[in-house]
Amino acid sequence: MRLRKIKGAAEFIASHPGIVIGDPKSLKGKWSTAFEKDQPLSIEVGMGKGQFIIGMARLHPEQNFIGIEKFDSVLIRAIEKILESEPLPNLKLLMVDAENLKDIFEAGEVAHVYLNFSDPWPKPRHAKRRLTHEAFLGIYKTIMDPSGTLAFKTDNRLLFEYSLKSITDFGMGLKDVAFDLHARVGLEWNIKTEYEEKFSALGQPIYRLEALWKEGKPNERN
């Protein structure tokens, strides 16, 4: 993915150490110390401009959240949104690549992982870059609590079908699968991303799955 460079992005990010953790490796195994309260920790990998993770932090003050983005030009948009909102002591941001998550989180330290509208990398030769590829699933499994869940949303049907197969082949159980999430009722819990708002407004179905590491069995499909 090629993104436009923003002059002064690195300096802007460094000027907000209360929001962005500059040395995340130093907190491996002790992330609770980065927050006001010792609470279950959830992460969003590839958070984009941050609408989802900010919304989750507001909706669930009983949990701690970390938004992860590897592009500084995107990360600054999330910082700006946080600065415009009420204080969120249960939210931090990181600028790291998902390939390095095992260097940042101790085994079992993360309760839940969220993947939203990830780059589909449609060419077969780029499959290893997809965030639901088995290589990334192995990373999530290492850092997650065995009872934790992995949630994935996308507007891309082919990526969703690939992810269903990749996740089940990896040995995870499907707790929930939706082929048209917004056709459901009672979605007060669903925080929309920027992409989700855009595509759902155009009538594009939103696909979502939630998977478990232990004893997960499909219980709902539509």
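So, how was this worked out
- Residues numbered from 1 in each chain as written.
- Predicted model: local features only at pLDDT ≥ 70, side-chain atom pairs only at ≥ 80, totals over all residues.
- Heavy atoms only, no water.
- Helix = DSSP H or I, 4+ residues; strand = E, 2+ residues; numbered from the N terminus.
- Buried < 20%, exposed > 50% of the residue type's maximum accessible area, 1.4 Å probe, protein only.
- Polar contact = N/O pair within 3.5 Å; in protein donor to acceptor, adjacent residues only side chain to side chain.
- pLDDT = per-residue confidence, 0-100.
- Contact = heavy atoms within 4.5 Å.
- Expected span 1.5 Å × (residues − 1).

**What about the environment of Pro124?**
Turning to step 1, where the next piece is worked out: With respect to the element layout, Pro124 can be found in the loop between β4 (110-116) and α4 (134-143).
Turning to step 2, where the next piece is worked out: Residue Pro124 is classed as exposed on the basis of its relative accessible area, which comes to 72%.
Turning to step 3, where the next piece is worked out: As for Pro124 and Ala178, which are separated by 54 residues in sequence, their C-alpha atoms are 25 Å apart.

**Some points on the environment of Lys165**
Turning to step 1, where the next piece is worked out: Looking at where Lys165 falls in the secondary structure, it is placed in helix α5 (residues 157-169).
Turning to step 2, where the next piece is worked out: In this structure Lys165 comes out as exposed when scored by relative accessible area, which is 54%.
Turning to step 3, where the next piece is worked out: With 33 residues separating them along the chain, Lys165 and Thr132 place their C-alpha atoms 9.6 Å apart.

**Focus on the side chain of Lys92**
Turning to step 1, where the next piece is worked out: Positionally, Lys92 belongs in strand β3 (residues 91-94).
Turning to step 2, where the next piece is worked out: A polar side-chain atom of Lys92 sits 2.8 Å from the main-chain carbonyl oxygen of Gly18.

**Details of the confidence of the model for the chain**
Turning to step 1, where the next piece is worked out: Residue-level pLDDT values for the chain average 92, and 94% of them are 70 or greater.
Turning to step 2, where the next piece is worked out: For the stretch residues 215-222, pLDDT sits under 50, and the model shows 19 contacts to residues farther than four places along the chain or on other chains.

**Quick word on helix α3 (residues 72-84)**
Turning to step 1, where the next piece is worked out: Taking 1.5 Å of rise per residue, 13 residues should cover 18 Å, and α3 covers 19 Å from first to last C-alpha, within 8% of that figure.
Turning to step 2, where the next piece is worked out: Among the residues of α3, those classed as buried are Ser73, Val74, Leu75, Ile76, Ala78, Ile79 and Ile82.
Turning to step 3, where the next piece is worked out: Packing partners of the buried residues in α3 comprise α1 (9-14), α2 (51-59) and β3.

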